[in-house]
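Below, each chain spelled out in residue letters.
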Amino acid sequence: MNSAASSMTIALAGQPNVGKSTVFNTLTGLGQYVSNWPGKTCEQKTGQYYYEDVCVHVVDLPGTYSLTANSVEERITRDFIINCGPEVVVVVVDAVSLERGLYLVAELLCLPVRLVVGLNRVDQAAQQGIKVEAHVLQAALGVPVIAMTASRGEGVEGLVAAAVQVARDPEAWKPNRPGIQEDHRPVLEALIRLIADRVPESYPPEWVALKLLEGDDEVTEMMRSQLGEGWAGVHTILVQHEDAFLAVAGGRYEWIGRMVRAAVVRPKAGRVTVTDRIDRIATHPIAGLLLLLLILGGVFWMTYIIGSPLQAWLEGHVVQTAATWVRSELTALPAALNGLLAGGLITGVGTVLTLLPILIIFFLVLGVLEDVGYMARAAYVMDRFMHPMGLHGKSFLPIFLGFGCNVPAIMGTRMIEAPKARLITILVAPIVPCTARMSVMALLAPIFFGQEALWVIWGLVALTLLVMAAVGVGLHQFLLGGEQTAFIMELPLYQAPSLRTIAQGVWQRTVDFIKGAGTIILVVSVLLWALSTYPGGTIDSSFLGWFGQGLAPVGKWMGLDWQMMLALLTSFVRKENTIPTLAVLYEAGGESAGLSAALAGRLAPAAGLAFLAVQMLFIPCVATVATIRQESGSWRWTLLSILLLLVISMLVGIGIYQGAVWLGWGMN
Amino acid sequence: MLPRLIALISQPGTLTVADLACKLDTSPEMVSSAMERLAAAGYLRPVAVPGQAGGCHTCATDTGKPGGLQSCAQGCASCSLASSCSTQPLRAWVWTGKPRGADTIP
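The paragraphs below set out a description of the structure included in this document. For every chain, the first residue of the written sequence is number 1, and numbering continues from 1 along that sequence. Note on labels: chains are lettered from A, ligands numbered from 1, in written order. Totals for whole chains, interfaces and linings use all residues, but because this is a predicted model, local features are given only for residues with pLDDT of at least 70 and pairs of side-chain atoms are given and counted only at 80 or more. Each side-chain value is worked out from all heavy atoms of the structure, with water and hydrogens disregarded.

Attention shifts here to the overall build of chain B. Here a strand is any run of E in DSSP of at least two residues, a helix any run of H or I of at least four, and the numbering for each starts at the N terminus. Helix and strand counts for chain B come out as 5 helices and 3 strands. Along chain B, helices (α) and strands (β) appear in the sequence α-β-α-α-β-α-α-β when read from the amino end. Buried, partly exposed and exposed residues are distinguished by accessible area as a fraction of the type maximum, computed with a 1.4 Å probe on protein chains only: under 20%, between the cut-offs, and over 50%, respectively. Per-residue burial for chain B yields a buried fraction of 61% across its 106 residues. Should any heavy atoms of two residues lie within 4.5 Å, those residues are counted as being in contact. Intrachain contacts of chain B at a sequence separation of at least 6 include 56% that bridge at least 24 residues. A total of about 4000 Å² of accessible surface is found on chain B, and carbon and sulfur atoms cover 57% of it. Per-residue accessibility takes into account occlusion by the displayed protein chains alone, with areas from the Shrake-Rupley method and a 1.4 Å probe.

Here it is in structure tokens:
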């Protein structure tokens with residue numbers, strides 16, 4: 001102490017959120033002084049507390065996980081302890097997660113400062129069945145350990161009493177310090193011999209040597225300037241032992257393990273939490289997968305069984321009504337303007353509008369699953385299926401949602417952290433057959449194949465999924481580095497969902513979608529309307545029609561005429577556009593019965609199969625392309641996605657038709 | 001414990017902290033603490049995502065910085081949805097296998 005029992009300085013150290021500030025506020029009350037640490041923007045709190053006849057100056061150090069110079073807070077903490085030399089450092093640790101707090105204690109024990117450990121939240125630990133025996137921990141550490149519940153003020157005065165006692169009787173303080181792992185002890189000793197004479201006065205040589213082995217940048221720079229030419233020898237040792245951090249940290253964790261085994265009693269096997277009970281199923285390799293399929297089926301059901309009627313209602317009662325009104329009521333407008341409004345703008349805006357029910361429900365359901373903590377379990381269970389594509393389990397959910405609509409599937413990739421994995425998922429998700437494509441299949445397959453249609457559709461879905469897997473593996477191996485990495489997750493506890501959190505997230509993402517993709521969809525829809533109208537006023541005599549006829553040579557390889565090729569092109573706006581396009585071009589009046597009659601006999605089964613296969617694998621719709629651009633942030637990858645699917649679909653279509661020709665199948 | 005932990009997490013695959021704790025016969029808190037230290041040393045890259053609908057974009061990219069967990073929390077402070085974000089962020093790490101290399105020692 002500074003003088004005979006008159007004043008002393010205590011520094012409060014500890015990790016963030018362990019109750020250190022609560023201890024500080026309890027001790028200092030309204031007598032706090034708040035400023036900034038010298039030269040830093042980090043807040044400094046000091047105060048005073050009187051214990052018996054001692055004036056205790058209390059300094060609240062920033063919350064830190066360790067004493068390595070990775071952050072301003074860590075630098076402030078160790079600089080204060082080393083250079084200002086408080087009489088005692090009180091380390092507050094959380095009894096619920098003692099292992100974490102003891103790492104900081106292990107580091108502090110290497111400094112020339114006396115410690116007292118404040119074991120906080122013993123009440124919460126007891127609620128979880130964790131019993132930390134403070135007296136046993138004290139004996140093991142060789143450092144006073146005071147059990148506390150700082151939020152209720154319990155044990156705080158005892159903490160100060162212990163600190164004062166330690167300051168009064170330094171000889172009685174005999175800590176059990178951690179050491180470096182034995183295989184690296186000679187390295188540490190050699191380093192200490194090299195630096196001992198040149199270490200600045202307030203720094204312990206052993207601590208400096210440990211920090212050099214850990215790779216602490218600030219200490220490294222300090223010693224390099226101190227040693228000058230003598231640095232070469234130190235440099236050689238550090239280069240030869242660049243993994244010495246593991247020996248230093250390993251020694252500390254061995255020490256922590258001994259402390260915890262001695263002093264901590266955890267719940268018996270029969271006493272498990274709600275999270276543990278649920279996770280016995282949710283993370284089980286088989287039961288977890290079945291649960292996931294059940295939940296995802298529910299997600300799919302809610303998103304599209306509830307969303308689809310809303311979507312159909314919006315399309316029929318809002319979009320169509322608006323378009324019909326424009327056509328019938330705004331006849332005073334020039335025909336071109338009337339057509340632009342009804343067929344271009346309203347159709348374009350309507351596309352955005354009809355997607356909203358599906359998107360909102362998806363975000364809502366997904367938000368609930370995220371907030372309760374289930375999504376982490378889903379990712380863990382699906383991981384084994386994602387690895388060959390270089391993806392982790394979190395990629396599965398966006399891909400699965402592609403079965404409904406590719407747009408929310410691609411937007412869902414936002415939950416994927418790794419940039420390459422996210423990009424692969426964005427490029428692979430559009431291959432998943434969406435409901436729009438499936439609706440075209442459901443209408444056309446019976447026309448071409450009658451009662452065999454169901455097998456044809458199943459076969460096409462299987463083919464699509466195989467292509468998706470092949471593309472994923474190919475991207476992973478050849479284009480995006482092929483790296484396989486380990487992925488470690490800390491599963492959160494389950495909790496009740498926060499409606500406010502979910503509602504805000506849904507709102508934010510809905511607004512994002514409308515602003516981003518909607519703008520592009522609107523522009524492209526207007527463009528396509530113009531191309532399919534001008535110059536001749538009909539689709540046959542339009543630019544699009546001429547273009548379609550230019551595709552006839554390509555179509556011949558698949559047994560398709562230019563009308564079928566054009567129907568593929570118009571599916572770029574919306575996949576369902578294939579149907580009315582075929583109806584118009586074959587003059588079927590747009591009715592399915594009429595279309596059946598119009599198409600019946602027009603295509604050989606082999607050509608029909610080729611057309612359906614191309615339809616399934618063709619470039620995604622404009623909404624999906626817009627979302628790819630939005631989420632990838634790159635026109636290069638967006639165009640690659642389009643080109644990739646264009647090439648794959650053409651090759652598959654040509655392969656199917658030419659293979660059938662070669663086998664003599666399906667030509668009649 | 002640390003060498004055995006590194007042997008487990010350096011292999012491709014997904015593991016949970018609970019899995020690792022079971023394999024190492026230690027507590028999940030010990031494993032979490034070790035993961036934080038390995039991340040600070042560059043062996044792991046923290047990729048923390050707050051538990052929110054669709055995933056928070058601000059923190060959805062990995063921090064890639066030493067002491068990444070503290071930097072991640074600071075990144076959340078700048079997010080417009082931080083005040084309503086779930087209090088249970090999903091913490092995850094990716095193995096880099098790249099400690100401070102000899103070429104970075106001055």
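We now examine the pattern of salt bridges. Residue and element names in this part refer to chain A. Salt-bridge detection follows one rule: a side-chain nitrogen of Lys or Arg within 4 Å of a carboxyl oxygen of Asp or Glu. Under the defined criterion, the tally for this structure stands at 20 salt bridges over all chains. As a salt-bridge pair, arginine 78 and aspartate 216 come within 2.6 Å of each other at their nearest N and O atoms. In this pair, arginine 78 sits in helix α2 (residues 72-84) while aspartate 216 sits in the loop between α8 (205-214) and α9 (217-227), placing the two residues 138 residues apart along the sequence. Taking relative accessible area as the criterion, aspartate 216 reaches 1% and is therefore assigned buried. Across the salt bridge formed by arginine 252 and glutamate 107, the nearest N and O atoms sit 3.8 Å from each other. Linking arginine 252 in helix α11 (residues 244-263) with glutamate 107 in helix α3 (residues 98-108), this pair joins segments that are 145 residues apart in sequence. Glutamate 107 gets classed as buried once you look at its relative accessible area, which sits at 1%. Salt bridges sharing partners connect three or more residues here, namely Arg75, Arg78, Asp216 and Glu218.

Right, let's get into helix α7 (residues 185-195) of chain A. Residue and element names in this part refer to chain A. Those residues of α7 not exposed but buried are Val187, Leu188, Leu191 and Ile195. The buried side chains of α7 occupy one side of the element, clustering within an arc of 100 degrees when seen end-on. Across from the buried face of α7, at angles greater than 90 degrees, the exposed residues are Pro186 and Arg193. The inward-facing, buried residues of α7 abut α8, α9 and α10 (231-240). The arc in question is the one spanned by the directions pointing from the helix axis to the C-beta atoms.

An order of β1(B)-β10(A)-β3(B)-β2(B) is seen for the 4 strands of this open sheet, with the pairing classed as mixed. Strands at the two margins of the open sheet, each flanked by one partner only, are β1 (13-16) and β2 (44-46) of chain B. Across the sheet, the axes of successive neighbouring strands diverge by a mean angle of 25 degrees, strand direction being ignored. In this scheme, strands are said to pair when DSSP sees at least two bridges between them. The pairing of strand β10 (residues 486-490) of chain A with β1(B) spans 4 bridges and is parallel. Bridging from a neighbouring strand, A:Ile488 pairs with B:Leu15 of β1(B). Convention adopted: a line fitted to C-alpha atoms gives each axis, helices being fitted over their contacting stretch, and angles between N-to-C directions are expressed from 0 to 180 degrees. Most of the contacts of helix α2 (residues 17-24) of chain B go to β1(B), to which it runs at about 80 degrees, and overall it touches β10 of chain A together with β1 and β3 (91-95) of chain B.

Moving on: α10(A). An α-helix turns once every 3.6 residues. As a result, residues three or four positions apart point the same way. Buried within α10(A) we find A:Trp231, A:Val234, A:Ile237 and A:Leu238. All buried residues of α10(A) project into a common sector of 125 degrees when viewed along the axis, lining one side.

What follows covers a nonpolar patch on the surface. Residue and element names in this part refer to chain A. Side chains of Leu527, Leu531, Tyr534, Phe543 and Trp546 sit close together on the surface and give an oily, nonpolar patch of about 490 Å² of accessible area. Of all the elements in the fold, those that place two or more residues in the nonpolar patch are α21 (499-531) and α22 (543-550). Mapped onto the fold, leucine 527 is located in helix α21. A residue counts toward a patch only above 30% relative accessible area and without a salt bridge, and it is joined to like-charged neighbours within 9 Å or, for Val, Leu, Ile, Met, Phe, Trp and Tyr, to nonpolar neighbours within 5 Å.

Moving on, we come to the pairing of strand β6 (residues 114-120) of chain A. Residues and elements named next belong to chain A. Within β6, 6 of the 7 residues are buried, which leaves the element mostly enclosed by the surrounding structure. Bridge analysis of strand β5 (residues 88-94) against β6 gives 7 bridges, and the strand direction is parallel. Bridging from a neighbouring strand, aspartate 94 pairs with asparagine 120 of β6. When the strands point away from the viewer, a crossover counts as right-handed if the path from the first strand over the helix to the second runs clockwise. Following the chain from β5 across α3 to the adjacent parallel β6, one finds a crossover that is right-handed. One ladder, built from 3 bridges, connects β6 with strand β8 (residues 145-147); its direction is parallel. Paired with leucine 119 across the two strands is alanine 147, which belongs to β8.

Let us now look at the nonpolar core. The criterion is simple. A nonpolar core is a set of buried Ala, Val, Leu, Ile, Met, Phe, Trp, Tyr and Cys residues joined through side-chain atoms within 4.5 Å. Core analysis: the biggest nonpolar cluster contains 122 residues, and A:Leu108, A:Leu115, A:Val208, A:Leu212, A:Met223, B:Leu5 and B:Leu38 have the highest contact counts within it. Other than its neighbours up to four places away in sequence, A:Leu108 contacts A:Ala13, A:Leu67, A:Ile81, A:Val89, A:Val91, A:Val113 and A:Leu115. Counting 57 residues, the second largest nonpolar core, distinct from the first, contains A:Val432, A:Leu551, A:Leu568 and A:Ile619.

Residues and elements named next belong to chain B. Their axes nearest at 11 Å, the elements helix α1 (residues 2-9) and helix α3 (residues 28-40) cross at an angle of 75 degrees. Taken together, the axes of α1 and α3 are roughly perpendicular relative to one another. Residue-level inspection shows Leu2, Leu5, Ile6 and Ile9 of α1 in contact with α3, the latter providing Val31, Ala34, Met35 and Leu38. When residues are grouped by polarity, Ala, Val, Leu, Ile, Met, Phe, Trp, Tyr, Cys and Pro land in nonpolar, Asp, Glu, Lys and Arg in charged, and all others, Gly among them, in polar. Residues belonging to the contact of α1 with α3 are distributed by class as follows: 8 nonpolar, no polar and no charged. In this scheme, roughly parallel covers angles under 35 degrees and roughly antiparallel covers those over 145, while 65 to 115 is roughly perpendicular and the rest are oblique.

This part is about the environment of A:Ser649. Residue and element names in this part refer to chain A. Here serine 649 shows up in helix α29 (residues 635-663). In this structure serine 649 touches Val614, Leu617 and Phe618, once residues within four positions along its chain are discounted. Side-chain atoms alone can form a polar contact between residues adjacent in sequence; in general such a contact is a pair of N or O atoms within 3.5 Å, and within protein one must be able to donate a hydrogen while the other accepts it. Polar side-chain contacts of serine 649 include one of 3.0 Å to the backbone oxygen of leucine 646.

Another point: unusual backbone geometry. Residue and element names in this part refer to chain A. We note that glutamate 52 has phi near 55 degrees; this positive angle belongs to a residue other than glycine. Take glutamate 52: it is sitting in the loop between β3 (43-51) and β4 (54-60). Residue classification places glutamate 52 among the exposed residues on the basis of a relative accessible area of 58%. Positive phi, normally seen in glycine, also occurs at arginine 121, with a value near 60 degrees. Topologically, arginine 121 is positioned in the loop between β6 and α4 (122-127).

So, about the side chain of B:Arg37. Locating B:Arg37 in the fold gives a position in helix α3. Here B:Arg37 sits buried without a salt bridge, and the closest side chain of opposite charge, B:Glu36, lies 4.7 Å off (N-O distance). Setting aside chain neighbours within four positions, we find B:Arg37 in contact with A:Tyr65, A:Ser66, A:Tyr103, A:Phe245 and A:Tyr253. Charge assignment in this entry is limited to Lys and Arg as positive and Asp and Glu as negative, and neither His nor the chain termini are counted.

Residues and elements named next belong to chain A. Counting buried positions over the 7 residues of β5 gives 7, a clear majority of the element. Of the two faces of β5, the one carrying Val88, Val90, Val92 and Asp94 and the one carrying Val89, Val91 and Val93 are both buried. Pairing geometry for strand β1 (residues 7-14) and β5, over 5 bridges, is parallel. Paired with alanine 13 across the strands is valine 91, a residue of β5.

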